[in-house]
Every structure is written in C-alpha cells, then in structure tokens.
Amino acid sequence: MRCISTLTNITSGEVYVNGVNVVKDQIKAKKYMGVIQQQISLDKDLTIKENMISHAMYHGMGKKERDQRIQELSDYFGLEEYLNKPVDSLSGGWKKRAAIVCAMLHQPKVLFLDEPTSGLDINARRLLWDVVKKLNQSGTTIVLTTHYIEEAEALCDRVGVIDHGKIIALDKPSVLIEQTGKTAVEYMEGEKTCYRYFRSMDDAQAFVHDSGFEDVTIRKTNLEDVFVELTGKKVGDQK
C-alpha cells in the first residue's frame, strides 16, 4: 500500500496507477490518487473547511474550482454544518468523512483507504461503509485494507488474502466462499469448536445426521471461514 501510494520506495518490480508508472512519473501518478491513512491526518489547528482549502492548494486547484468541489462534496457527505468547526470538535466518524473529502477534492481515479474504520464505533463504521459504497458507485476505484473480514465481504468486489506478506488468494468474495464450501457446520469435539464446509445444504445435513453430534450449527459460509481455511489459523493468531 505504501509503495503504491509512493510513501515507500519500491525495491523491485513495477507499480502503475491509472496506467502511470509511480517510480518514473511520481508527480503524475499522485494526481490520480487520493490517500487516507489509518491515523487521521487533518490539521487540528484548522477548521474542517480550512483543511479542505489547504489540501486543494496542495494540488494546485484554483479558487473557483476549489470552492465548487468543497461545496459539492460537503453536501454529498453531509458536512455543511461542520465546515467551520475545529477538527477536534468532531467524532471519529465525521473526521473520517472530512478526511475523505480532502482526499477527493482533486477528483482522484483511485482512492486508497488504510483500515478506514479502525477505532470507530459500530454506527460510525456503518455510516462510513455507506460512504465507500457511494464513492465506488460514482466511479471511483477503491483500494481498501482491513482486519475486519466482514468489512471486506460487505464492501469489496475483489478480495486478496495476505498471509505472512504473501497474497495467497485473490478473487470475488462469492468465488472464494464457493471454493471453500457454501455451507458451514460448527460442532464441538470435547472443548474445541470444529468446522466443516460443504458444497450444499443437503451435504451438510447428511454429515450432521451421520455424525451423531448434538451441539451443531449449520450456517452459510462467510469470508472469515475462507481466511481461516486458507491460512490455517484464527484471525489475529500470531503463531
């Protein structure tokens, strides 16, 4: 992520953003991208609008274009009443929205979101999910990193699973789930919860019937199941 967005030098290989080589023409590549880091990078000494103006100036936007974009995006994200308020007066969710507006002012083709909902409460996270969906529907390509696997399943058209720094799977969430098995069975063996995956509900029910297990749950397979099956460990396990 840092290499793609030019924050870290590339040691090997090539990276292109909207057809532009980020090493050979870094300035041009940056014109096509917006970056929102995990930690909010808004200037706390400025108001929300002043932050937007500063970001617009970084990209060489004229006053007329800048003011028009600030108005459009503020209306779009419901930030009008917060424009003249200091950054620290906003909740985490609204700060994220303001950061997205700043990153979108120059109309980037690609928006990078580094764990955008980390530290947000459930309501703020769902609000931000709606924002991401709207941006994508409006034509913006979004590259998102997240440790919340349900977030990837809800938002992403294509998901890459990374294990020990390597991409071990890359496809649509529905395809990854189907490859694992559409139906999951959870059952207890002693004090351990075990999981089996099946291509159909009928196969899952047949397994439960033949197994004789009493404490059993049959459900749809999700992307977290895929992750565990592919990596061989639970989410967050450092072994």
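For the structure itself, consult the block above.
Quick notes on the rules
Residues numbered from 1 in each chain as written. Predicted model: local features only at pLDDT ≥ 70, side-chain atom pairs only at ≥ 80, totals over all residues. Heavy atoms only, no water. Helix = DSSP H or I, 4+ residues; strand = E, 2+ residues; numbered from the N terminus. Buried < 20%, exposed > 50% of the residue type's maximum accessible area, 1.4 Å probe, protein only. Areas by Shrake-Rupley, 256 points an atom, 1.4 Å probe, with all protein chains shown as cover. Lys, Arg positive; Asp, Glu negative; His and termini not counted. Charge placed at Lys NZ, Arg CZ, Asp CG, Glu CD. Pairing = 2+ DSSP bridges. Axes fitted to C-alpha atoms, helices over the stretch in contact; angles between N-to-C directions. Left-handed = near helix turned anticlockwise from the far one by under 90°. Contact = heavy atoms within 4.5 Å. Nonpolar A, V, L, I, M, F, W, Y, C, P; charged D, E, K, R; others polar. Patch = residues over 30% accessible without salt bridge, like charges linked within 9 Å, V, L, I, M, F, W, Y side chains within 5 Å. Salt bridge = Lys/Arg side-chain N within 4 Å of Asp/Glu carboxyl O. Phe/Tyr/Trp six-rings, centres within 6.5 Å; stacked < 30°, edge-to-face > 60°. Parallel < 35°, antiparallel > 145°, perpendicular 65-115°, else oblique. 1 Å grid on protein atoms, 1.4 Å probe; cavity = no way out; pocket = protein on both sides within 12 Å on 5 of 7 lines; lining within 4 Å. Points joined across faces, edges and corners; volume = space filled by probe spheres on them.

## Observations concerning the overall build of the protein
A count of helical and extended segments in the protein gives nine helices and 10 strands. Principal-axis analysis of the C-alpha atoms places the extent of the protein at approximately 70 × 45 × 30 Å. Out of the 239 residues in the protein, the part that is buried amounts to 38%. Only carbon and sulfur atoms are counted for the fraction: they give 47% of the accessible area of the protein, which is about 14,600 Å². Taken together, the 32 basic and 35 acidic charged side chains of the protein have centroids lying 7 Å from each other.

## Details of the environment of Lys-64
As for its position among the elements, Lys-64 is in helix α3 (residues 63-77). The spatial distance from the C-alpha of Lys-64 to the C-alpha of Ile-122 is 37 Å, given a sequence separation of 58 residues.

## As for the sheet that holds strand β8 (residues 183-189)
Here three strands make up an open sheet; going across it, the order is β9-β8-β10 and the pairing antiparallel. Of all the strands in the sheet, just β9 (192-198) and β10 (216-220) have a single pairing partner and so form its edges. Pairs of neighbouring strands in the sheet enclose a mean axial angle of 25°, with direction left out of account. Bridge count between β8 and β10: five bridges; the pairing is antiparallel. In the strand pairing of β10, Tyr-187 is matched with Val-216.

## Here's the deal with the packing of α3 against helix α4 (residues 92-104)
Two elements in contact, α3 and α4, have axes separated by 10 Å at closest approach and are oriented at 145°. Crossing of α3 over α4 shows right-handed handedness. Where α3 abuts α4, its residues Arg-69, Leu-73 and Phe-77 lie against Trp-94, Arg-97, Ile-100, Val-101 and Met-104. Considering only residue class, the contact of α3 with α4 consists of six nonpolar, no polar and two charged.

## Focus: a nonpolar patch on the surface
Together, Ile-162, Ile-167 and Leu-170 give the surface a local cluster of nonpolar side chains, amounting to about 310 Å² of exposed area. Inspection of the secondary structure puts Ile-162 in strand β6 (residues 159-163). We classify Ile-162 as exposed; its relative accessible area is 54%.

## Regarding the packing of aromatic side chains
Within this structure, the stated rule accounts for six aromatic pairs. Centre to centre, the rings of Tyr-82 and Trp-94 are 4.7 Å apart; their planes meet at 35°, and the pair counts as tilted. On the criterion of sequence distance, the pair formed by Tyr-82 in the loop between α3 and α4 and Trp-94 in helix α4 is long-range, its members being 12 residues apart. Residue Tyr-82 is classed as buried on the basis of its relative accessible area, which comes to 16%. Residue classification places Trp-94 among the partly exposed positions, given a relative accessible area of 22%. Between the aromatic rings of Tyr-187 and Phe-207, the centroid separation amounts to 5.6 Å while the plane-to-plane angle is 55°, which identifies the pairing as tilted.

## Digging into the packing of helix α2 (residues 48-58) against α4
For the pair α2 and α4, the least separation of the axes is 8 Å and the interaxial angle reads 25°. Put simply, α2 runs roughly parallel to α4. Here the hand of the crossing between α2 and α4 comes out right-handed. Mapping the contact onto sequence places Ile-48, Asn-51, Met-52 and His-55 in α2 and Ala-98, Val-101 and Cys-102 in α4.

## Comments concerning the layout of surface pockets
In this structure, the second largest pocket spans a volume of roughly 600 Å³. Every residue lining the second largest pocket is counted, 24 residues in all, and those nearest its centre are Lys-30, Met-33, Val-35, His-59 and His-106. Of all elements in the fold, only α1 (26-31), β3 (33-36), α2 and α4 reach the threshold of two or more residues within the lining of the second largest pocket. Counting residues per element, the lining of the second largest pocket draws most heavily on β3, at four residues. Here the residues of the lining of the second largest pocket are counted per class, giving 12 nonpolar, nine polar and three charged.

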